[in-house]
Amino acid sequence: MSGTATKRTGRDRMSVEWVKLELMRVAYATRGGFLSRRDPRAVLAWYVVVAAAPWFTYSTTILTLLFLAAAVCALAARIGPLLLALFAFGLLGQAVYVLVLVFFLGGNPAAIDGLAQISLKLGTISLASMAAFVSLDPEKLSDGLLALRAPAMLGFGVSYGYRMVPLLVDEFHTIVDGHRLRGAPPSGHGFLGWRTARRIGVIAVQSFYPLILNTAGRTRTTVEALETRGFTAAGSTSGAGRRLRLAHLRFTPADAALIAATLLFVVVAYGVGGRWPVIG
C-alpha cells in the first residue's frame, strides 16, 4: 500500500468517527504511557499529590514549575491530540478573556498576576487529571478505588460511566447519519451558513429522544457485563469476592518510587521557588 493511501488528512482527523475513536482510546486507556504500567493505587496517590500541591502557595514561580512538570507528565502519558487541543483552546481562550477584561475594561494590570496564578493552578490540575485518568481503564480505576476502601457502588458507577460515553457517541453518530440519509440537504448554505446550521440544530433536537431510548436499551447489557465481572460480589460483606477481584494488584517498588519522586519534586519546587522567585 502506498504512503499516500495511508496518510490521514486534516479533514479525516476532524471527522466524527475520529472523535469517537479518540474518546474510546481515552476511556479504555489504549495509548499506553508511563502511568498505565503502574498500580492504580499509585496512580491515584500521584494524582492527589500533583492536584493538591498548587493550592498551598501563591508564588507564580512555584506554580509555573508545577505546571511545567504536569505538562511533561501529561505528554509522557500520551493523552492524545483531542484532549490536548481542547485543553490548549480553553487555556488560550481564558488568557484572551483575561486580557480583554484587564486592558479594555479599565482593570488594574496587577490583576494579571493573580489571574495567572488561578490559571496555572487549574491548568496543573487539568493536566494531572488527564494524565491519570487516560492511563486508567475502567476496571483498573474501579479496582483501585475498591482497594482504597471506597464504596463498591462508587467503583461500579465510575466503570459504568466510562462505558456509557462511547456508547452515547456511537448511538448519536448512528442516529444523525440516519436523519441525514432520510432528509434532503438544504438548497445552498445561505448567508453565513444559516441553512446548514438550522438543519444541524433540527437534527440534534430530533436525535434526543431516540438517543435516550436506544441507550436505555443497551444499559441492561452493560450492567450485566459488569455483573459477570464480579462488581456486586466484590462489594459483599464476606470479603471473599473483594479479595478475589483485587488479587491481581501488585504494589511494586517502582510504584513507591513514583510517589516518592513526585513528593521530592514538589518539595524541591517549593524550595527553589521560595528562594529564587524569578517570576513572582
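This one's a predicted model, so the numbers in the text were calculated from it and none came from an experiment. (Residues numbered from 1 in each chain as written. Predicted model: local features only at pLDDT ≥ 70, side-chain atom pairs only at ≥ 80, totals over all residues. Heavy atoms only, no water.)

On to a nonpolar patch on the surface. On the surface, Val96, Leu99, Val100, Phe103 and Phe104 cluster together into a nonpolar patch covering about 520 Å² of accessible area. Take phenylalanine 104: it is sitting in helix 6 (residues 81-104). (Patch = residues over 30% accessible without salt bridge, like charges linked within 9 Å, V, L, I, M, F, W, Y side chains within 5 Å. Areas by Shrake-Rupley, 256 points an atom, 1.4 Å probe, with all protein chains shown as cover. Salt bridge = Lys/Arg side-chain N within 4 Å of Asp/Glu carboxyl O. Helix = DSSP H or I, 4+ residues; strand = E, 2+ residues; numbered from the N terminus.)

A word on the pattern of salt bridges. With the rule as written, the count across this model stands at two salt bridges. Between aspartate 255 and arginine 38 there is a salt bridge, with the nearest N and O atoms lying 2.7 Å from each other. Residue aspartate 255 is found in helix 14 (residues 253-275), and its partner arginine 38 is found in the loop between helix 3 (16-28) and helix 4 (40-52); the two are separated by 217 residues along the sequence. Its relative accessible area of 1% is what places aspartate 255 among the buried residues. Where arginine 41 meets aspartate 39, a salt bridge forms, and the shortest distance between an N and an O atom there is 2.9 Å. Its relative accessible area of 5% is what places aspartate 39 among the buried residues. (Buried < 20%, exposed > 50% of the residue type's maximum accessible area, 1.4 Å probe, protein only.)

Our next topic: the nonpolar core. In this structure, Leu35, Trp46, Tyr47, Leu127, Ala131 and Leu141 are the most contacted members of the largest nonpolar core, which totals 30 residues. When contributions to this core are tallied by element, the ones reaching two or more residues are helix 4, helix 5 (60-76), helix 7 (111-134) and helix 8 (138-147). With eight residues, helix 7 is the largest single contributor of residues to this core. Setting aside residues up to four positions removed in sequence, tyrosine 47 forms contacts with Ile125, Ala128, Ser129, Ala132 and Phe133. Ala53, Ile62, Val266 and Ala269 belong to the second-largest nonpolar core, a separate cluster that totals six residues. (Core = buried A, V, L, I, M, F, W, Y, C linked by side-chain atoms within 4.5 Å. Contact = heavy atoms within 4.5 Å.)

With 24 residues, helix 6 extends 33 Å from end C-alpha to end C-alpha; this agrees with the ideal 34 Å at 1.5 Å per step. Within helix 6, burial applies to Leu82, Phe87, Val98 and Val102. (Expected span 1.5 Å × (residues − 1).)

Let us now look at the confidence of the model for the protein chain. On average, residues of the protein chain score 80 in pLDDT, and 86% of them are at 70 or above. The secondary structure element of the protein chain with the lowest average pLDDT is helix 1 (residues 3-6), at 45, and the one with the highest is helix 4, at 92. Long-range and interchain partners of residues 1-6, a stretch whose pLDDT sits below 50, account for one contact in this model, where long-range means more than four residues apart. (pLDDT = per-residue confidence, 0-100.)

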